[in-house]
Amino acid sequence: MTDPIAARQQLVDDRHYKYRGCAPDGDDPTVSAADPDVSLDAWGPYTGDGAEPQKARFDREKAAKQICGRCPVLALCRTYANTTTVDADGVEHLVEPEGVQGGELALTRHRALIARRHAVTVGTGPAAEEAPAAAVVRDLSEGRTPQKRAVLEALARETDPELVAYRAGMDVRTANWHRSALVTMLGLDKERATRDQLLAAAVDQGLLPRSTRIRPDGPWAYAAAPTTDGARQRRIAPGRPVQLILPGLEDMPRTRRAPVRPGRPPTGRGPASTPRRRAGLRRRLAAVRAALQSRIPFAPTPVLEPAA
């Protein structure tokens, strides 16, 4: 792991550091030295009142990244921005967690950090080869909080995200956040990990008792957590198209349609089957009408006698 202090010093000591694009202009210190039309605020986080419009944020970040692309110290700045520090609790954080640094967004740097953590946890990739053996052991104390225990217990009983959140006593967004945190904490792949894998890992690590009864997923496994594209309700079906699941209809997978023979209309749609379907519908309606009449007592309508 690169020392952040050494990386920062190497960046500042470079002879081209004073020519960087994000340096303040000599005549107007509020704009960029590389482009007077770009404010220095383009590289930092938004600090205005309210929410920043999405288009304004995209334009600001695009302008900053374009200037970074032709910066003479781009590589050194990116190396420093991706260095990390460890706090008193043993949690690793980026030294530059916000803004555009080294031509990369804060979200890009955080995703790279999560990927390195995952590589160290599962023991694959160059990060795992360079990391010491003790770094593979993760602290699971956060996984034993009442909120995460409630989410795991609800996830063992339910499959639908809304029902999981209801049993855990929180909203869907908060429950999904805890599920994502548990997936990362247990070293699982956020894109491919299934609900069964998450619960099995939780049982193995002692986050859930082994006597916990887990409701099976069925033929198509549920995703353990929302994906990065925001898909929250989905099943993982290898080799098959993804099926969107509606609340309360999780156990109704789609079936294949029968092939249509040449010269013969599809079943249930041709003119020959229409009278048969109508007759069956009339019989069902008659049965329902008879059942309702048998339950409702019949009261004869009084006949009014004509006045004398």
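Bear in mind that the values here come from a model prediction, so they are computed numbers and not experimental data. (Residues numbered from 1 in each chain as written. Predicted model: local features only at pLDDT ≥ 70, side-chain atom pairs only at ≥ 80, totals over all residues. Heavy atoms only, no water.)

**A word on a positive patch on the surface**
Stage number 1. Judged by side-chain charge, Arg278, Arg282, Arg283 and Arg284 come together as a positively charged surface patch.
Stage number 2. Judged by its relative accessible area of 55%, Arg284 falls in the exposed class. (Patch = residues over 30% accessible without salt bridge, like charges linked within 9 Å, V, L, I, M, F, W, Y side chains within 5 Å. Areas by Shrake-Rupley, 256 points an atom, 1.4 Å probe, with all protein chains shown as cover. Salt bridge = Lys/Arg side-chain N within 4 Å of Asp/Glu carboxyl O. Lys, Arg positive; Asp, Glu negative; His and termini not counted. Charge placed at Lys NZ, Arg CZ, Asp CG, Glu CD. Buried < 20%, exposed > 50% of the residue type's maximum accessible area, 1.4 Å probe, protein only.)

**Description of the packing of aromatic side chains**
Stage number 1. Counted under the stated rule, the structure contains 0 aromatic pairs.
Stage number 2. The ring of Tyr80 is capped by Arg8, whose NZ or CZ atom sits 5.5 Å from the centre of that ring.
Stage number 3. The ring of Tyr17 has Arg20 sitting right over it, with the charged end atom 4.1 Å from the ring centre. (Phe/Tyr/Trp six-rings, centres within 6.5 Å; stacked < 30°, edge-to-face > 60°. Lys NZ or Arg CZ within 6 Å of the ring centre and 35° of its normal.)

**Description of the nonpolar core**
Stage number 1. Of all hydrophobic cores here, the largest spans 24 residues; its most connected members are Leu152, Leu186, Leu188 and Leu198.
Stage number 2. Counting only elements with at least two residues in this core, the list comes to helix H6 (146-157), helix H7 (161-168), helix H8 (172-185) and helix H9 (195-204). (Core = buried A, V, L, I, M, F, W, Y, C linked by side-chain atoms within 4.5 Å. Helix = DSSP H or I, 4+ residues; strand = E, 2+ residues; numbered from the N terminus.)

**Observations regarding the environment of Arg179**
Stage number 1. With respect to the helices and strands, the residue Arg179 is situated in helix H8.
Stage number 2. For the pair Arg179 and Arg195, spaced 16 residues apart in sequence, the C-alpha to C-alpha distance is 9.6 Å.
Stage number 3. In this structure Arg179 touches Val151, Leu155, Pro161, Ala223, Ala224 and Ala225, once residues within four positions along its chain are discounted. (Contact = heavy atoms within 4.5 Å.)

**Some points on the confidence of the model for the protein chain**
Should the pLDDT be low somewhere, the predicted coordinates at that spot are not to be read in detail.
Stage number 1. Mean pLDDT over the protein chain stands at 77; residues scoring 70 or higher make up 71%.
Stage number 2. pLDDT under 50 marks residues 128-138. Its contacts with residues more than four places away, or in other chains, come to 11 contacts.
Stage number 3. Of the regions scoring below 50 in pLDDT, residues 239-254 engages in 28 contacts with residues more than four places distant in sequence or in other chains. (pLDDT = per-residue confidence, 0-100.)

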